[in-house]
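Chain and residue survey
What follows is each chain in one-letter form.
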Amino acid sequence: NGDRVLIYTNARKAILYRPEINKIIDVAPVNIGPTATASGETTSGATTVVLRNGTNTVGLTRTYEEELKQKDPSLVIVNRDNAKKRDYEKTLLVDVKRDKAAFVDELAKKLGIVVGTLPEGEATPAADFLIIIGEDTK
């Protein structure tokens, strides 16, 4: 019918626009990204990661994401946010689903970070791994 769909991946929104009446018909949330399988791997064979900034340095997750992509292109960053606490000294890798023990150690070594458990107060993300960026990454 001539409607246009505008998808904004960073804002995670889709807008349905009808040009003939110059009007937005609907706005809806979207989740565009790899589809996870039962094993936690995405359909592209990648592993999902949530990044959280555990410091007061603004923009650290974006910078770290670029570094992460260079070190392991198979990782898919599904979300970036701030950690509940902002005073993490060391960057921490958490195997959220606790089913990738061999891979988590290999990844931690590759990234030069420590493996740990989900810190108290931090929400459990919908991803294979959580990386909380600490002061040692600046």
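Rules of the game
Residues numbered from 1 in each chain as written. Predicted model: local features only at pLDDT ≥ 70, side-chain atom pairs only at ≥ 80, totals over all residues. Heavy atoms only, no water. Helix = DSSP H or I, 4+ residues; strand = E, 2+ residues; numbered from the N terminus. Buried < 20%, exposed > 50% of the residue type's maximum accessible area, 1.4 Å probe, protein only. Contact = heavy atoms within 4.5 Å. Areas by Shrake-Rupley, 256 points an atom, 1.4 Å probe, with all protein chains shown as cover. Pairing = 2+ DSSP bridges. Axes fitted to C-alpha atoms, helices over the stretch in contact; angles between N-to-C directions. Salt bridge = Lys/Arg side-chain N within 4 Å of Asp/Glu carboxyl O. pLDDT = per-residue confidence, 0-100.

1. Some details on the overall build of the protein
A count of helices and strands for the protein gives two helices and eight strands. Scanning the protein from its N terminus toward the C terminus, one meets helices and strands in the order β-β-β-β-α-β-β-α-β-β. Looking at the 138 residues of the protein, the share that counts as buried comes to 35%. Contacts spanning at least 24 positions in sequence make up 61% of the contacts within the protein whose residues lie at least 6 apart. Carbon together with sulfur atoms contributes 49% to the accessible area of the protein, which is approximately 8500 Å² in total.

2. Considerations on the sheet that holds strand 4 (residues 47-53)
Spatially, the five strands line up as an open sheet ordered 5-4-8-6-7, and their pairing is mixed. Because the sheet does not close on itself, it has two edges, and the strands there are strand 5 (75-82) and strand 7 (114-116). Ignoring which end each strand starts from, the neighbouring axes of this sheet average 25° apart. Across seven bridges, the pairing between strand 4 and strand 5 is parallel. The residue of strand 5 that forms the bridge with V49 is I77.

3. Examining the side chain of E65
Structurally, the position occupied by E65 is in helix 1 (residues 60-71). Ignoring sequence-local partners within four residues, the contact set of E65 consists of L51, I77 and R80.

4. Overview of the pattern of salt bridges
For the structure on display, the rule yields eight salt bridges. Of the charged contacts in the structure, one is a salt bridge between R18 and D3, with a shortest N-O distance of 2.6 Å. Placement of the pair is R18 in strand 2 (residues 13-18) and D3 in the segment before strand 1 (4-8), with a sequence separation of 15 residues. Judged by its relative accessible area of 23%, R18 falls in the partly exposed class. Three or more residues are tied together by salt bridges with common partners; here these are E65, K69 and R80.

5. What about the confidence of the model for the protein?
Scored by pLDDT, the protein comes out at a mean of 86, with 88% of its residues at no less than 70. Segment residues 34-44: pLDDT under 50, and 20 contacts once partners within four positions in sequence are set aside and those in other chains are kept.

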